[in-house]
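# A closer look at the structure
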Amino acid sequence: MSFLALNQLLEFSEDGHTERVLWIDAGDPGYVCIDIHAEHSNPLYRRHADVIRLLDEGVVQLGKEDSLLINKSEGRLSAAQRAKRDQNFARIAPVLQRQPEIFDLRKRGKILAEFSSTHGESHHSLLRLLRRYWQRGMTPNALLPDYANSGARGRERAATGKRRGRPPKNDGNSVNVTPETRAIFKAAVTRFYAMHPVFELTECYHAMLRASFSDSVVDPGTGQQEWVLRSGAPSWWQFRYWYQKDNDIFALKRRRASSRVYDKDMRALTSTATGETVGPGSRYLIDATIADIYLVSRYFPDKIVGRPVVYVVIDVFSRMIAGLHVGFEGPSWVGAMQALGNAVLDKTDYCAQFGVAIDTADWPCQGMPEAILGDRGEMVGEMIETLIQTFAVRIENSAPYRADWKGVVEQQFRLLPARFKAYTPGYIQTDYRERGGNDYRLDAKLNIDQFTKILIYCVKYYNTQHRVKEYPLAPEMIHDAIPAVPIELWNWGISHRSGRLRRYPDEIVRLSLLPHADAMVTARGIRLFGLYYSCSFAMQEHWFERARQIRNWRVRVSYDPRCMDAIWLQGKSGQPRFIACTLMEQSREHACKTLWEIDQLRQASKEVAHSHQRSETTGRINLVDQIQRVVADAKSRLPLVSDRSDRQRTKDIRGNRRAELAALRHKDATRTTSMKTDVPAEVVSFPGAPPTKDYSLPDITEMLHKFREGEQEEE
């Protein structure tokens, strides 16, 4: 026979009462039970068979929650509570030794009467302690005093003529707060404190006193109006007490701070980002920030170019930095796509561009994630549709002003600078722009390639050495002795959680994530951002001849802002998806440069042209003046009145031209013969016999004489 357990609760569904098993009678199978909620209940006997039948019929259920069982640690009990409990238990301990006789109503009276007369105890007091002991679980803690029920805690006292609460020490005019006064308190909090964030609670209190507990009087001495506080006005402590009691403090804080600020900075933290992921690649977070460092130009080291924009892509599960991008373009989808392209492709070539040698195992993040969470401004557009439709990536957008949704990646903008800020010139410290502070712009020494190299070293350290504090390690990770280091978490997740990464051809992924724009097909080439490109496809289709003979037209191209040496035509149906185009000869001076650097060089060229503009304008002014002086001199040589008619002047222009040409020839010939030719050059003879022929050059007079003789023979 299987008996119920001692202290087992029996819940009766008919009338809703609950009984506790106090004693088990194995001889005559049955149980002594007591109603645990009835104020004057007494133990009663129930046969085992009857209890089993009621359980089978569903009339009785076995209780699982014991609301009256007191479970408190000794440290939480005061000395007075422990002393009272021990005293009560000592009073009934001799009576408890008389079980099971004490459960019998007739015997219990005699036992209590006998014990009361012997020990001088009250019969009713002993019965009350016994009933409490039985109803509350038959433990010593069942006899703890119910101090929580003392004083009617939580219930409001009715306002009477006598003042409630502790008597004031210094203020004898204080009065009770009535319901009408409480209504004034609540209205003041709503009007002043909740609606105006600049209002402190003390200012709200004084504004309420002026509006509701002050009178306007005229000072007989000055004749000016003044406010006088009435007698019996509520005190600051009364106002603060009822403010906390009658108002939802947290709702007021949300209203004063705005919902977005409250949810970002003041809400409860009840979950972790890792709990929403399964393994590596379940969710990537992407975000950008303007780095707190000033850089110089790669081509003009003495020219400060400003602060770069740093993009970071991080895997939520492992906290691994999966991708990095540093550039000067503002936060946008262009930078986001370049960072994402870096995150899903192999990093060895990328690091090699900056002189950092790594193995694939040092930065193993490759593949497209299942979901990407980023800001709405960067994760909305045509390129995002390419991610969704081509690579089946789920795009998630964070709410405005909710950086806490991307807390994992936001934290990296604090951790990464902490590694290099003490050693990099140009880093902005906290005293920037303060009076007497250092101008850190003048300390700039690094260019963007050098800064990117430093960041790569920092990322490598973070991924392979940094221990993530407070990371929620799974029991399996603890069993496998996995430290909370990103690369260890990544490798463990790939092995045990399969990961959520998907692989696609690298070239397709890289080109699909590049930004795109409309280029113009012209007679000189395919023009994009002022650069000219060509490809074999365009030459075969005679694009440039067509553009010169008919008109220009636009084509869609993809480009890499990090290096503008090539662009890619987006082919139509039946054509290759991407057709590479290279720089033409007229744009070779911009080879191996970023789009931002090309723009900077053009800006510098414009500055040079602008600086020369004043000199050019001055030269033009002087040129006009010189021309006008020559014209004025020519006019001064003409006679005021000509004796020849206009017909006579225009009759023989050709003859006049021949005469003028002859005069010019004579003038030029005379100018040539003005050179010293009367003394022939001395000819030095070689030793031996003199030459039989004269090899000296003729002078100019001999040459002219022979030229005239030739003209006469022709005539």
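Let us look at the structure shown here. (Residues numbered from 1 in each chain as written. Predicted model: local features only at pLDDT ≥ 70, side-chain atom pairs only at ≥ 80, totals over all residues. Heavy atoms only, no water.)

## A few points about the overall build of the chain
As a reminder, the rule being used: Helix and strand definitions here come from DSSP, where helices need a minimum of 4 consecutive H or I residues and strands a minimum of 2 consecutive E residues; each element is numbered from the N-terminal end. Residue exposure (1.4 Å probe, protein chains only): buried if accessible area is under 20% of the type maximum, exposed if over 50%, otherwise partly exposed. Every residue pair with non-hydrogen atoms within 4.5 Å of one another is taken to be in contact. Here the Shrake-Rupley method, with its probe set to 1.4 Å, supplies the accessible areas, and only the displayed protein chains count as covering residues.
Tallying secondary structure elements over the chain gives 24 helices and 20 strands in all. Across the 715 residues that make up the chain, the buried fraction comes to 37%. Here the analysis covers contacts within the chain between residues at least 6 apart in sequence; of these, 58% occur between residues at least 24 apart. With the model as given, the accessible surface of the chain reaches about 45000 Å², and the carbon-plus-sulfur share is 52%.

## Observations regarding the pattern of salt bridges
Quick note on the threshold: Whenever Lys or Arg places a side-chain nitrogen within 4 Å of a carboxyl oxygen from Asp or Glu, that contact is recorded as a salt bridge.
With the rule as written, the count across this model stands at 22 salt bridges. Note that Arg 556 and Asp 518 form a salt bridge whose closest N and O atoms lie 2.9 Å from each other. You can see Arg 556 sitting in strand β18 (residues 553-559) and its partner Asp 518 sitting in strand β15 (residues 516-522), a full 38 residues away along the chain. For Asp 518, a relative accessible area of 41% translates into the label partly exposed. Note that Asp 633 is salt-bridged to Arg 637, the shortest N-O span being 3.3 Å. Highlighted residues: Asp 633 and Arg 637, both in helix α21 (residues 595-637), separated by four residues, approximately one helical turn. Taking relative accessible area as the criterion, Asp 633 reaches 39% and is therefore assigned partly exposed. Look at the salt bridges and you will find they share partners, linking Glu 74, Arg 85 and Asp 86 into a network.

## A few points about the packing of aromatic side chains
Put simply, the rule reads: Note on aromatic contacts: the rings of Phe and Tyr and the six-membered ring of Trp form a pair at centre separations within 6.5 Å, being stacked when their planes are under 30 degrees apart, edge-to-face when over 60 apart, and tilted otherwise.
By the definition in use, this model includes 16 aromatic pairs. Ring geometry for Phe 391 and Tyr 504: centres 5.0 Å apart, planes at 70°, overall edge-to-face. Residue Phe 391 is located in helix α12 (residues 382-391), and its partner Tyr 504 is located in the loop between α17 (486-496) and α18 (506-512); the two are separated by 113 residues in the primary sequence. Taking relative accessible area as the criterion, Phe 391 reaches 1% and is therefore assigned buried. Measuring from ring centre to ring centre gives 5.8 Å for Trp 543 and Trp 553, while their planes differ by 75°; the resulting arrangement is edge-to-face. Of the two residues, Trp 543 is situated in helix α20 (residues 543-549) and Trp 553 in strand β18; the sequence distance between them amounts to ten residues. Taken together, the ring pairs connect Phe 185, Tyr 205, Trp 236 and Phe 239 into an aromatic cluster.

## Focus on the sheet that holds β18
Quick note on the threshold: Any two strands with at least two DSSP-identified bridges between them are counted as paired. All axes here are fitted lines through C-alpha atoms, helices being fitted over the stretch that makes contact, and every angle between N-to-C directions spans 0 to 180 degrees.
Spatial strand order, β15-β16-β17-β20-β19-β18: six strands in a closed barrel with antiparallel pairing. In this sheet, adjacent strand axes meet at a mean angle of 45° when their direction is disregarded. Pairing of β18 with strand β19 (residues 566-570), which is carried by three bridges, proceeds in the antiparallel orientation. Residue pairing in the sheet places Ser 558 in a bridge with Trp 568 of β19.

## Some thoughts on the environment of Ala 523
Here Ala 523 is to be found in the loop between β15 and β16 (525-528). Of the residues examined, Ala 523 reaches a relative accessible area of 39% and is grouped as partly exposed. In this structure the C-alpha to C-alpha distance between Ala 523 and His 542, which are 19 residues apart in sequence, comes to 9.9 Å. Ignoring anything within four residues of it in the chain, the contact list for Ala 523 reads Phe 544, Ala 547, Arg 548 and Asn 552.

## Digging into the nonpolar core
Soluble, globular proteins show a tendency: their nonpolar side chains are buried together. Selection criterion: The criterion is simple. A nonpolar core is a set of buried Ala, Val, Leu, Ile, Met, Phe, Trp, Tyr and Cys residues joined through side-chain atoms within 4.5 Å.
Within the largest apolar cluster, 68 residues are counted, with the highest numbers of intra-cluster contacts made by Leu 324, Leu 387 and Phe 451. For this core, the element with the most residues is helix α15 (residues 448-464), which contributes seven residues. What Leu 387 contacts, discounting residues up to four positions off in sequence, is Met 337, Leu 340, Met 368, Ile 372, Ala 392, Val 393, Ile 395 and Leu 513. Ranked by size, the runner-up nonpolar core spans 23 residues in total, among them Ala 517, Ile 526, Tyr 533 and Met 564.

## Points about the sheet that holds strand β14 (residues 394-397)
The sheet built from five strands is open, its strands ordered β12-β11-β8-β13-β14 with mixed pairing. In this open sheet, the two strands that pair with only one neighbour each are β12 (321-327) and β14. Between one strand and the next, the sheet's axes are offset by a mean angle of 20°, whatever the strand orientation. As judged from the four bridges shared by strand β13 (residues 371-374) and β14, these two strands associate in the parallel manner. The residue of β14 that forms the bridge with Ile 372 is Ile 395. Strand contacts of helix α10 (residues 333-344): β8 (284-290), β11 (309-315), β12 and β13, with the helix running at about 140° to β12, the strand carrying the most contacts.

## Topic: helix α7 (residues 236-246)
Rules: As used here, the arc belongs to the directions running from the helix axis to the C-beta atoms.
Among all positions of α7, only Gln 238, Phe 239, Trp 242 and Tyr 243 are buried. Burial along α7 is one-sided: seen end-on, the buried residues are contained in an arc of 135°. Lining the buried residues of α7 we find α5 (179-193), α6 (201-212) and α8 (249-257).

## Here we look at the state of the cysteines
As a reminder, the rule being used: The criterion for a disulfide is a pair of cysteine sulfur atoms lying within 2.5 Å.
In the structure shown here, the tally under the stated rule is zero disulfides. Lacking any disulfide linkage, Cys 581 is separated from the closest cysteine sulfur, that of Cys 535, by 3.5 Å. By relative accessible area, Cys 581 is classed as buried at 0%.

## Notes on the environment of Ala 444
Mapped onto the fold, Ala 444 is located in the loop between α14 (412-420) and α15. Sequence spacing of Ala 444 and Ile 293 is 151 residues, and the spatial spacing of their C-alpha atoms is 7.8 Å.

## Side note on the packing of α5 against α6
Formally: We call two directions roughly parallel when the angle between them is under 35 degrees, roughly antiparallel when it is over 145, roughly perpendicular when it lies between 65 and 115, and oblique otherwise. For any pair of crossing helices, the crossing counts as left-handed if the nearer helix is rotated counterclockwise from the farther one by less than a right angle, and right-handed if it is rotated clockwise. Any residue that is not Ala, Val, Leu, Ile, Met, Phe, Trp, Tyr, Cys, Pro, Asp, Glu, Lys or Arg is counted as polar, Gly included; the first ten are nonpolar and the last four charged.
Two elements in contact, α5 and α6, have axes separated by 9 Å at closest approach and are oriented at 120°. The angle between α5 and α6 places the two elements in the oblique class. As α5 packs across α6, the resulting crossing turns out to be right-handed. Between α5, through Ile 184, Phe 185, Ala 188, Val 189, Phe 192 and Tyr 193, and α6, the contact on the second element is made entirely by Leu 201, Cys 204, Ala 207, Met 208 and Ser 212. Taken together, the residues of the contact of α5 with α6 sort by class into ten nonpolar, one polar and no charged.

## Quick notes on the side chain of Thr 424
Locating Thr 424 in the fold gives a position in the loop between α14 and α15. What makes Thr 424 buried here is its relative accessible area of 9%. The residues contacting Thr 424, other than those within four sequence positions of it, are Ile 293, Leu 446 and Ile 454.

## Observations concerning the pairing of strand β20 (residues 578-583)
In this sheet, β20 lies alongside strand β17 (residues 531-534) in antiparallel orientation, the contact comprising two bridges. Within β20, the position partnered with Tyr 533 by the bridge is Leu 583. Bridge count for β19 against β20 is five bridges, and the pairing is antiparallel. Within β20, the residue paired with Ala 566 across the bridge is Thr 582.

## Points about unusual backbone geometry
The omega torsion of the bond from Gln 99 to Pro 100 falls at 10°, within 30 degrees of zero and hence cis. Mapped onto the elements of the fold, Pro 100 is located in the loop between α2 (79-96) and α3 (105-119). For His 542, which is not a glycine, the phi torsion comes out positive at approximately 55°. The topology assignment puts His 542 in the loop between α19 (536-540) and α20. On the accessibility criterion, His 542 (47% relative accessible area) is partly exposed.

On their own, these measurements won't tell you what the molecule is for.
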